Amino acid sequence: MAVIDETPDARSIVLRPTEADRQTFEYQPGQFLTIRIPSDLTGHVARSYSLSSTPTIDEDLKITVKRVSSGYGSNWLCDNVKAGVSMTVLPPAGRFTRSGHEGDLLLFAAGSGITPVISILKAALAQGVRPIVLFYANRDAESVIFARELDELQAEHPERLRVIHWFDNVDGIPTVVRFADLVAVDPSREVFVCGPGPFMDAVGAAAESAGVPRERFHREVFSSITGDPFAAVPAADRASGAETVDTTVLLEGAVHRFAWPTHTTLVDALLAECVDVPYSCRSGECGSCVCRVVGGSVSVSGVGGDVLEPDDVAAGYVLGCQSKPDEGPIQIEF
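Residues numbered from 1 in each chain as written. Predicted model: local features only at pLDDT ≥ 70, side-chain atom pairs only at ≥ 80, totals over all residues. Heavy atoms only, no water.

Visitor: Sorry if this is basic, but what is going on with the sheet that holds strand 2 (residues 10-15) here?
Guide: Whenever strands of a sheet pair, they do so through backbone hydrogen bonds, lying parallel or antiparallel. Taken in spatial order, the three strands of this open sheet run 1-2-5, and their pairing is antiparallel. Pairing within the sheet leaves two strands with one partner each, and these edge strands are strand 1 (2-7) and strand 5 (61-66). Recorded for the sheet is a direction-independent mean angle of 25 degrees between the axes of neighbouring strands. Two elements, strand 1 and strand 2, share five bridges in a ladder whose sense is antiparallel. Across the sheet, residue Ala 2 finds its bridge partner in strand 2, namely Val 14. Across the sheet, helix 1 (residues 72-80) lies against strand 2 and strand 5, angled at about 115 degrees from strand 5, the strand it touches most. (Pairing = 2+ DSSP bridges. Helix = DSSP H or I, 4+ residues; strand = E, 2+ residues; numbered from the N terminus. Axes fitted to C-alpha atoms, helices over the stretch in contact; angles between N-to-C directions. Contact = heavy atoms within 4.5 Å.)

This is the structure in C-alpha coordinates:
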(Lines give C-alpha, C1' and ligand atoms only; values in the text may rest on other atoms or scores of the structure.)
Protein backbone atom coordinates (compact mmCIF):
# COMPACT_ATOMS: atom_id res chain seq x y z
CA MET A 1 0.00 0.00 0.00
CA ALA A 2 1.10 3.56 -0.73
CA VAL A 3 -0.39 6.93 0.24
CA ILE A 4 -0.30 9.98 -2.05
CA ASP A 5 -1.16 13.54 -0.99
CA GLU A 6 -3.28 15.02 -3.80
CA THR A 7 -4.38 18.32 -2.22
CA PRO A 8 -4.27 19.72 1.34
CA ASP A 9 -7.49 17.82 2.14
CA ALA A 10 -7.41 14.81 -0.23
CA ARG A 11 -5.26 11.68 -0.32
CA SER A 12 -5.05 8.69 -2.62
CA ILE A 13 -4.56 5.23 -1.16
CA VAL A 14 -3.00 2.64 -3.45
CA LEU A 15 -4.10 -0.92 -2.71
CA ARG A 16 -2.41 -4.09 -3.96
CA PRO A 17 -4.48 -7.29 -3.67
CA THR A 18 -2.70 -10.55 -2.99
CA GLU A 19 -2.04 -12.61 -6.10
CA ALA A 20 -4.77 -15.03 -4.97
CA ASP A 21 -7.29 -12.15 -4.87
CA ARG A 22 -6.33 -10.46 -8.16
CA GLN A 23 -9.27 -11.88 -10.08
CA THR A 24 -11.69 -11.02 -7.27
CA PHE A 25 -10.66 -7.38 -7.50
CA GLU A 26 -11.03 -6.95 -11.26
CA TYR A 27 -13.18 -3.87 -11.84
CA GLN A 28 -14.73 -1.52 -14.37
CA PRO A 29 -13.92 2.22 -14.59
CA GLY A 30 -16.33 4.10 -12.34
CA GLN A 31 -16.80 1.38 -9.72
CA PHE A 32 -16.05 1.68 -6.01
CA LEU A 33 -14.65 -0.26 -3.05
CA THR A 34 -16.24 -0.67 0.36
CA ILE A 35 -13.67 -0.35 3.15
CA ARG A 36 -13.80 -1.72 6.71
CA ILE A 37 -12.80 1.13 9.05
CA PRO A 38 -12.13 0.59 12.77
CA SER A 39 -14.45 2.29 15.26
CA ASP A 40 -14.19 2.48 19.06
CA LEU A 41 -17.98 2.64 19.32
CA THR A 42 -19.09 -0.19 17.04
CA GLY A 43 -15.93 -2.15 16.30
CA HIS A 44 -15.97 -1.05 12.68
CA VAL A 45 -17.95 0.89 10.09
CA ALA A 46 -18.22 0.47 6.32
CA ARG A 47 -17.61 3.28 3.86
CA SER A 48 -17.53 3.26 0.05
CA TYR A 49 -14.96 5.17 -2.02
CA SER A 50 -14.68 5.30 -5.80
CA LEU A 51 -11.67 3.91 -7.62
CA SER A 52 -9.59 6.60 -9.29
CA SER A 53 -7.33 4.04 -10.93
CA THR A 54 -8.13 2.55 -14.33
CA PRO A 55 -7.94 -1.13 -15.26
CA THR A 56 -5.61 -1.95 -18.18
CA ILE A 57 -3.62 1.18 -17.26
CA ASP A 58 -2.87 0.93 -13.53
CA GLU A 59 -1.40 -2.22 -12.02
CA ASP A 60 -2.83 -1.56 -8.56
CA LEU A 61 -6.15 -0.24 -7.27
CA LYS A 62 -6.40 3.33 -6.00
CA ILE A 63 -9.11 5.13 -4.07
CA THR A 64 -9.05 8.87 -3.45
CA VAL A 65 -10.48 10.23 -0.20
CA LYS A 66 -11.32 13.86 0.52
CA ARG A 67 -11.83 15.00 4.09
CA VAL A 68 -15.38 15.86 5.08
CA SER A 69 -15.63 17.95 8.25
CA SER A 70 -18.18 15.61 9.85
CA GLY A 71 -17.09 12.47 8.00
CA TYR A 72 -15.72 9.81 10.34
CA GLY A 73 -14.50 7.53 7.55
CA SER A 74 -12.70 10.15 5.47
CA ASN A 75 -10.94 11.66 8.48
CA TRP A 76 -9.90 8.28 9.85
CA LEU A 77 -8.44 7.22 6.50
CA CYS A 78 -6.62 10.50 5.95
CA ASP A 79 -5.21 10.52 9.51
CA ASN A 80 -4.36 6.86 10.07
CA VAL A 81 -3.57 4.98 6.87
CA LYS A 82 0.15 4.58 6.27
CA ALA A 83 2.13 2.81 3.57
CA GLY A 84 2.44 -0.91 4.17
CA VAL A 85 -0.66 -1.51 6.32
CA SER A 86 -3.39 -4.00 5.38
CA MET A 87 -7.09 -3.20 4.94
CA THR A 88 -10.23 -5.30 4.69
CA VAL A 89 -12.08 -4.48 1.48
CA LEU A 90 -15.10 -5.86 -0.36
CA PRO A 91 -14.82 -6.59 -4.11
CA PRO A 92 -15.47 -3.71 -6.55
CA ALA A 93 -19.10 -2.81 -7.15
CA GLY A 94 -21.29 -0.11 -8.67
CA ARG A 95 -23.22 0.74 -11.85
CA PHE A 96 -21.59 4.09 -12.68
CA THR A 97 -19.93 2.52 -15.72
CA ARG A 98 -19.94 2.51 -19.52
CA SER A 99 -20.95 -0.42 -21.72
CA GLY A 100 -18.49 0.53 -24.46
CA HIS A 101 -16.37 3.34 -25.94
CA GLU A 102 -18.24 4.12 -29.16
CA GLY A 103 -19.84 7.50 -28.43
CA ASP A 104 -18.79 11.00 -27.41
CA LEU A 105 -18.55 11.73 -23.68
CA LEU A 106 -19.64 14.70 -21.56
CA LEU A 107 -18.36 14.40 -17.98
CA PHE A 108 -19.28 16.55 -14.99
CA ALA A 109 -17.46 16.44 -11.65
CA ALA A 110 -17.32 18.62 -8.56
CA GLY A 111 -14.74 18.27 -5.80
CA SER A 112 -14.00 14.63 -5.00
CA GLY A 113 -16.60 13.65 -7.59
CA ILE A 114 -13.66 13.58 -9.99
CA THR A 115 -12.60 10.24 -8.50
CA PRO A 116 -14.75 7.84 -10.57
CA VAL A 117 -14.90 10.30 -13.46
CA ILE A 118 -11.14 10.31 -14.05
CA SER A 119 -11.18 6.51 -14.13
CA ILE A 120 -13.83 6.62 -16.87
CA LEU A 121 -11.97 9.42 -18.64
CA LYS A 122 -8.64 7.60 -18.80
CA ALA A 123 -10.27 4.39 -20.00
CA ALA A 124 -12.09 6.26 -22.76
CA LEU A 125 -8.89 7.94 -23.92
CA ALA A 126 -7.00 4.64 -23.93
CA GLN A 127 -9.65 2.45 -25.54
CA GLY A 128 -11.76 4.80 -27.67
CA VAL A 129 -11.30 7.46 -30.31
CA ARG A 130 -14.22 9.81 -29.62
CA PRO A 131 -14.08 13.37 -28.21
CA ILE A 132 -14.45 13.97 -24.46
CA VAL A 133 -15.43 17.12 -22.55
CA LEU A 134 -14.91 17.35 -18.78
CA PHE A 135 -16.49 20.13 -16.71
CA TYR A 136 -14.76 20.13 -13.31
CA ALA A 137 -15.91 22.48 -10.51
CA ASN A 138 -13.95 23.27 -7.34
CA ARG A 139 -13.78 25.93 -4.63
CA ASP A 140 -10.53 27.29 -6.02
CA ALA A 141 -7.45 26.27 -8.01
CA GLU A 142 -5.75 24.70 -4.98
CA SER A 143 -8.70 22.30 -4.52
CA VAL A 144 -8.28 20.61 -7.90
CA ILE A 145 -7.59 16.90 -7.38
CA PHE A 146 -5.44 15.35 -10.13
CA ALA A 147 -4.59 18.80 -11.51
CA ARG A 148 -1.23 17.74 -12.97
CA GLU A 149 -2.63 14.50 -14.38
CA LEU A 150 -5.47 16.35 -16.11
CA ASP A 151 -3.01 18.85 -17.60
CA GLU A 152 -0.88 15.97 -18.90
CA LEU A 153 -3.88 14.18 -20.39
CA GLN A 154 -4.92 17.36 -22.22
CA ALA A 155 -1.40 17.78 -23.58
CA GLU A 156 -1.32 14.16 -24.76
CA HIS A 157 -4.79 14.29 -26.38
CA PRO A 158 -5.34 17.90 -27.54
CA GLU A 159 -7.70 16.87 -30.35
CA ARG A 160 -9.90 14.68 -28.16
CA LEU A 161 -9.96 16.06 -24.61
CA ARG A 162 -11.25 19.41 -23.42
CA VAL A 163 -11.20 20.20 -19.69
CA ILE A 164 -13.28 23.12 -18.42
CA HIS A 165 -12.18 24.19 -14.92
CA TRP A 166 -14.72 26.12 -12.86
CA PHE A 167 -13.69 27.86 -9.65
CA ASP A 168 -16.44 29.01 -7.28
CA ASN A 169 -14.27 31.79 -5.83
CA VAL A 170 -13.91 33.30 -9.31
CA ASP A 171 -16.92 32.12 -11.32
CA GLY A 172 -19.59 31.75 -8.62
CA ILE A 173 -21.77 28.65 -8.28
CA PRO A 174 -22.43 26.92 -11.63
CA THR A 175 -26.07 27.10 -12.71
CA VAL A 176 -28.51 24.96 -14.66
CA VAL A 177 -28.29 27.51 -17.47
CA ARG A 178 -24.51 27.09 -17.71
CA PHE A 179 -24.86 23.32 -17.77
CA ALA A 180 -27.70 23.46 -20.29
CA ASP A 181 -25.58 25.49 -22.71
CA LEU A 182 -22.87 22.84 -22.53
CA VAL A 183 -25.22 19.85 -22.84
CA ALA A 184 -27.18 21.39 -25.72
CA VAL A 185 -24.07 21.45 -27.95
CA ASP A 186 -24.70 17.73 -28.56
CA PRO A 187 -27.49 16.03 -26.56
CA SER A 188 -26.53 12.65 -28.06
CA ARG A 189 -23.41 12.44 -25.91
CA GLU A 190 -23.31 10.04 -22.98
CA VAL A 191 -23.35 12.10 -19.77
CA PHE A 192 -21.78 11.16 -16.43
CA VAL A 193 -21.97 13.29 -13.28
CA CYS A 194 -20.57 12.88 -9.77
CA GLY A 195 -20.44 15.47 -6.99
CA PRO A 196 -22.58 17.08 -4.28
CA GLY A 197 -26.34 16.60 -4.56
CA PRO A 198 -27.24 20.15 -5.71
CA PHE A 199 -24.53 20.00 -8.38
CA MET A 200 -25.84 16.69 -9.73
CA ASP A 201 -29.44 17.94 -9.56
CA ALA A 202 -28.51 20.95 -11.70
CA VAL A 203 -26.72 18.79 -14.28
CA GLY A 204 -29.68 16.39 -14.31
CA ALA A 205 -32.11 19.24 -14.94
CA ALA A 206 -29.93 20.52 -17.78
CA ALA A 207 -29.69 17.08 -19.37
CA GLU A 208 -33.46 16.59 -19.15
CA SER A 209 -34.17 20.00 -20.69
CA ALA A 210 -31.74 19.25 -23.54
CA GLY A 211 -33.42 15.92 -24.28
CA VAL A 212 -30.58 13.61 -23.26
CA PRO A 213 -32.03 10.06 -23.36
CA ARG A 214 -32.44 8.66 -19.87
CA GLU A 215 -30.31 5.63 -20.62
CA ARG A 216 -27.40 7.91 -21.58
CA PHE A 217 -27.45 9.90 -18.33
CA HIS A 218 -25.51 8.43 -15.41
CA ARG A 219 -25.48 9.86 -11.90
CA GLU A 220 -23.38 8.46 -9.06
CA VAL A 221 -25.08 8.52 -5.67
CA PHE A 222 -23.35 7.71 -2.39
CA SER A 223 -24.71 7.69 1.15
CA SER A 224 -23.11 6.63 4.42
CA ILE A 225 -23.66 2.91 4.90
CA THR A 226 -25.64 2.20 8.07
CA GLY A 227 -25.64 -1.59 7.76
CA ASP A 228 -22.72 -3.98 8.12
CA PRO A 229 -21.72 -5.67 4.86
CA PHE A 230 -18.83 -7.33 6.71
CA ALA A 231 -21.14 -9.26 9.06
CA ALA A 232 -21.11 -13.04 8.84
CA VAL A 233 -23.35 -14.50 6.14
CA PRO A 234 -26.32 -16.30 7.70
CA ALA A 235 -26.44 -20.03 7.10
CA ALA A 236 -29.10 -21.40 4.77
CA ASP A 237 -32.29 -22.49 6.55
CA ARG A 238 -32.50 -26.22 5.89
CA ALA A 239 -35.06 -26.90 8.59
CA SER A 240 -37.77 -29.31 7.60
CA GLY A 241 -41.00 -27.48 6.87
CA ALA A 242 -39.37 -24.08 6.39
CA GLU A 243 -41.41 -22.09 3.88
CA THR A 244 -39.57 -21.45 0.61
CA VAL A 245 -40.32 -20.33 -2.94
CA ASP A 246 -38.80 -21.95 -6.03
CA THR A 247 -36.45 -19.39 -7.56
CA THR A 248 -34.24 -19.12 -10.64
CA VAL A 249 -31.52 -16.47 -10.82
CA LEU A 250 -29.51 -15.55 -13.92
CA LEU A 251 -26.20 -14.01 -12.86
CA GLU A 252 -23.22 -13.39 -15.16
CA GLY A 253 -24.38 -16.04 -17.61
CA ALA A 254 -24.91 -18.74 -14.97
CA VAL A 255 -28.32 -20.08 -13.92
CA HIS A 256 -28.90 -20.78 -10.23
CA ARG A 257 -32.00 -22.68 -9.07
CA PHE A 258 -32.76 -22.92 -5.36
CA ALA A 259 -35.49 -22.81 -2.72
CA TRP A 260 -35.61 -19.24 -1.40
CA PRO A 261 -36.64 -19.04 2.30
CA THR A 262 -39.43 -16.51 2.73
CA HIS A 263 -37.77 -14.75 5.69
CA THR A 264 -34.40 -14.27 3.92
CA THR A 265 -33.32 -11.50 1.54
CA LEU A 266 -32.19 -12.49 -1.93
CA VAL A 267 -28.58 -11.45 -1.29
CA ASP A 268 -28.36 -13.47 1.91
CA ALA A 269 -30.07 -16.45 0.28
CA LEU A 270 -27.60 -16.42 -2.63
CA LEU A 271 -24.62 -16.02 -0.32
CA ALA A 272 -25.88 -18.97 1.71
CA GLU A 273 -25.98 -20.94 -1.56
CA CYS A 274 -22.33 -19.94 -2.16
CA VAL A 275 -23.27 -17.77 -5.15
CA ASP A 276 -20.95 -14.78 -5.69
CA VAL A 277 -23.72 -12.16 -5.78
CA PRO A 278 -22.66 -8.50 -6.03
CA TYR A 279 -23.27 -6.41 -2.90
CA SER A 280 -21.54 -3.71 -0.90
CA CYS A 281 -23.86 -2.69 1.92
CA ARG A 282 -26.72 -5.21 2.46
CA SER A 283 -28.79 -2.23 3.66
CA GLY A 284 -30.27 -0.79 0.46
CA GLU A 285 -27.89 2.15 0.16
CA CYS A 286 -25.38 1.38 -2.60
CA GLY A 287 -27.26 -0.22 -5.51
CA SER A 288 -24.67 -2.93 -6.16
CA CYS A 289 -27.27 -5.71 -5.90
CA VAL A 290 -29.87 -4.22 -8.24
CA CYS A 291 -31.66 -6.87 -10.27
CA ARG A 292 -34.89 -7.34 -12.23
CA VAL A 293 -37.82 -9.56 -11.35
CA VAL A 294 -39.01 -11.12 -14.61
CA GLY A 295 -41.26 -13.81 -13.14
CA GLY A 296 -43.24 -14.19 -9.93
CA SER A 297 -43.13 -11.42 -7.33
CA VAL A 298 -41.10 -10.28 -4.33
CA SER A 299 -41.79 -8.04 -1.36
CA VAL A 300 -39.43 -5.13 -0.89
CA SER A 301 -38.46 -3.11 2.19
CA GLY A 302 -38.66 0.36 0.66
CA VAL A 303 -38.05 0.91 -3.06
CA GLY A 304 -34.38 1.81 -3.16
CA GLY A 305 -34.36 5.39 -1.91
CA ASP A 306 -32.02 7.42 -4.12
CA VAL A 307 -30.67 4.27 -5.77
CA LEU A 308 -33.68 3.37 -7.94
CA GLU A 309 -35.72 5.81 -9.96
CA PRO A 310 -39.52 5.41 -10.14
CA ASP A 311 -39.16 4.18 -13.73
CA ASP A 312 -36.73 1.49 -12.53
CA VAL A 313 -39.21 0.25 -9.94
CA ALA A 314 -42.01 0.26 -12.52
CA ALA A 315 -39.84 -1.86 -14.83
CA GLY A 316 -39.39 -4.50 -12.13
CA TYR A 317 -35.98 -3.55 -10.77
CA VAL A 318 -35.35 -4.18 -7.07
CA LEU A 319 -32.47 -4.27 -4.63
CA GLY A 320 -31.56 -7.85 -3.79
CA CYS A 321 -30.61 -6.99 -0.22
CA GLN A 322 -34.09 -5.57 0.43
CA SER A 323 -36.17 -8.23 -1.36
CA LYS A 324 -37.86 -11.35 0.01
CA PRO A 325 -39.93 -13.90 -1.93
CA ASP A 326 -43.66 -13.39 -2.35
CA GLU A 327 -45.25 -15.48 -5.10
CA GLY A 328 -43.44 -18.03 -7.24
CA PRO A 329 -41.98 -19.47 -9.19
CA ILE A 330 -39.66 -16.46 -9.20
CA GLN A 331 -37.24 -15.54 -11.98
CA ILE A 332 -34.64 -12.84 -11.46
CA GLU A 333 -31.92 -11.42 -13.71
CA PHE A 334 -28.84 -9.51 -12.54
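Resuming the write-up.
Visitor: Quick question: what am I supposed to make of the sheet that holds strand 12 (residues 254-261) here?
Guide: Here five strands make up an open sheet; going across it, the order is 12-11-15-13-14 and the pairing mixed. With partners counted over all chains shown, the strands left at the sheet margins are strand 12 and strand 14 (317-319), one partner each. Pairs of neighbouring strands in the sheet enclose a mean axial angle of 45 degrees, with direction left out of account. Across three bridges, strand 13 (residues 290-300) lies against strand 14 in antiparallel orientation. Counterpart to Arg 292 in the pairing with strand 14 is Tyr 317.

Visitor: I tried to follow the packing of aromatic side chains on my own but got confused; where do I start?
Guide: Ring pairs (aromatic) are described by centroid distance and by the angle formed between their planes. Applying the stated criterion across every chain yields a total of six aromatic pairs. A centroid spacing of 5.9 Å and a plane angle of 45 degrees characterise the contact between Phe 108 and Phe 135, whose relative ring orientation is tilted. Here Phe 108, found in strand 6 (residues 105-110), pairs with Phe 135, found in strand 7 (residues 132-138); they are 27 residues apart in sequence, far enough to count as distant. Taking relative accessible area as the criterion, Phe 135 reaches 0% and is therefore assigned buried. With a centroid separation of 5.3 Å and an interplanar angle of 85 degrees, the aromatic rings of Phe 179 and Phe 199 are classed as edge-to-face. Of this pair, Phe 179 sits in helix 5 (residues 176-184) while Phe 199 sits in helix 6 (residues 197-210), and the two are 20 residues apart along the sequence. (Phe/Tyr/Trp six-rings, centres within 6.5 Å; stacked < 30°, edge-to-face > 60°. Buried < 20%, exposed > 50% of the residue type's maximum accessible area, 1.4 Å probe, protein only.)

Visitor: Explain the packing of helix 5 against helix 6 to me, please; I cannot follow it from the model alone.
Guide: The description of two helices packed together rests on the angle between their axes and the distance between the axes. Where helix 5 contacts helix 6, the axes come no closer than 8 Å and their chain directions differ by 45 degrees. Here helix 5 lies oblique to helix 6, going by the angle between them. Crossing angle aside, the handedness with which helix 5 passes helix 6 is right-handed. Between helix 5, through Val 176, Phe 179, Ala 180, Val 183 and Ala 184, and helix 6, the contact on the second element is made entirely by Phe 199, Ala 202, Val 203, Ala 205, Ala 206, Ala 207, Ser 209 and Ala 210. Looking at the contact of helix 5 with helix 6, its residues break down into twelve nonpolar, one polar and no charged. (Parallel < 35°, antiparallel > 145°, perpendicular 65-115°, else oblique. Left-handed = near helix turned anticlockwise from the far one by under 90°. Nonpolar A, V, L, I, M, F, W, Y, C, P; charged D, E, K, R; others polar.)

Visitor: Just checking my understanding: could you explain the packing of helix 2 (residues 114-127) against helix 3 (residues 147-156) for this structure?
Guide: Two numbers describe how helix 2 lies on helix 3: the axes approach to 12 Å, and their chain directions differ by 20 degrees. Here helix 2 lies roughly parallel to helix 3, going by the angle between them. The element helix 2 and its partner helix 3 pack so that their crossing is left-handed. Residue-level contacts link Ile 118, Leu 121, Lys 122 and Leu 125 of helix 2 to Glu 149, Leu 150 and Leu 153 of helix 3. Partitioned by chemical class, the residues of the contact of helix 2 with helix 3 number five nonpolar, no polar and two charged.

Visitor: Where do I start with the environment of Glu 273 in this structure?
Guide: As for its placement among the helices and strands, Glu 273 is situated in the loop between helix 7 (266-272) and strand 13. Take Glu 273: its relative accessible area is 28%, and that puts it in the partly exposed class. Separated by 97 residues in the primary sequence, Glu 273 and Val 176 place their C-alpha atoms 48 Å from one another.

Visitor: It is not clear to me how the side chain of Ser 323 should be interpreted in this structure. Could you clarify?
Guide: Counting through the fold element by element, Ser 323 comes out in strand 15 (residues 323-333). The exposure class assigned to Ser 323 is buried, which follows from its relative accessible area of 1%.

Visitor: Would you mind showing me how to read the nonpolar core here?
Guide: Nonpolar side chains tend to gather and get buried jointly when the protein is soluble and globular. In terms of nonpolar packing, the biggest core is built from 33 residues, with Trp 260, Leu 266 and Ile 332 touching the most fellow members. Sorting the residues of this core by element identifies strand 11 (244-251), strand 12, helix 7, strand 13, strand 14 and strand 15 as the ones contributing at least two each. For this core, the element with the highest residue contribution is helix 7, accounting for five residues. The contact partners of Leu 266, leaving out residues within four places of it in the chain, are Val 249, Phe 258, Trp 260, Cys 291, Gly 320, Ser 323, Ile 332 and Phe 334. (Core = buried A, V, L, I, M, F, W, Y, C linked by side-chain atoms within 4.5 Å.)

Everything listed here is a matter of geometry and, on its own, says nothing about what the molecule does.
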